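Report on the structure
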Amino acid sequence: MENRTAQEYHVTYFDAECSRIRSESFDSREDAERFASRNCTGEESWALIDEVIVEQARIAA
């Protein structure tokens, strides 16, 4: 088994339509930023982008 690390970008944001905090994961920072921008439309809206290092296990065949 081989372990590698990869980066993910987690966007935590306030969904004003249902008044809940939600989260989405993306492979690229650009996609995460675009998503965050689309969800920050009102005065009460906010979004945070976290860069997360994840370990991916790969099993040898």
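Scroll up to find the structure.
Residues numbered from 1 in each chain as written. Predicted model: local features only at pLDDT ≥ 70, side-chain atom pairs only at ≥ 80, totals over all residues. Heavy atoms only, no water.

Looking only at helices and strands, one finds one helix and three strands in the protein chain. Ordering the α and β elements of the protein chain from the N terminus gives β-β-α-β. Taken across its 61 residues, the protein chain has 18% of its residues classed as buried. Taking all contacts inside the protein chain whose residues are at least 6 apart in sequence as the whole, residues at least 24 apart take part in 55%. Surface summary for the protein chain: the accessible area is close to 4900 Å², and the carbon and sulfur share equals 43%. (Helix = DSSP H or I, 4+ residues; strand = E, 2+ residues; numbered from the N terminus. Buried < 20%, exposed > 50% of the residue type's maximum accessible area, 1.4 Å probe, protein only. Contact = heavy atoms within 4.5 Å. Areas by Shrake-Rupley, 256 points an atom, 1.4 Å probe, with all protein chains shown as cover.)

Turning to its location among the elements, Asp-15 is positioned in strand β1 (residues 2-15). Asp-15 gets classed as buried once you look at its relative accessible area, which sits at 18%. A distance of 3.2 Å separates a polar side-chain atom of Asp-15 from the backbone nitrogen of Glu-17. In this structure Asp-15 touches Arg-20 and Arg-22, once residues within four positions along its chain are discounted. (Polar contact = N/O pair within 3.5 Å; in protein donor to acceptor, adjacent residues only side chain to side chain.)

Once that is clear, we can look at the packing of aromatic side chains. As enumerated under the stated definition, the model contains two aromatic pairs in all. Ring centres 5.1 Å apart and planes at 80° place the aromatic pair Tyr-13 and Phe-35 in the edge-to-face group. Linking Tyr-13 in strand β1 with Phe-35 in helix α1 (residues 29-39), this pair joins segments that are 22 residues apart in sequence. Classification of Phe-35 by relative accessible area gives buried; the value is 12%. Ring centres of Phe-26 and Phe-35 lie 5.2 Å apart, and the angle between their planes is 45°; this geometry places the pair in the tilted category. Taking relative accessible area as the criterion, Phe-26 reaches 17% and is therefore assigned buried. (Phe/Tyr/Trp six-rings, centres within 6.5 Å; stacked < 30°, edge-to-face > 60°.)

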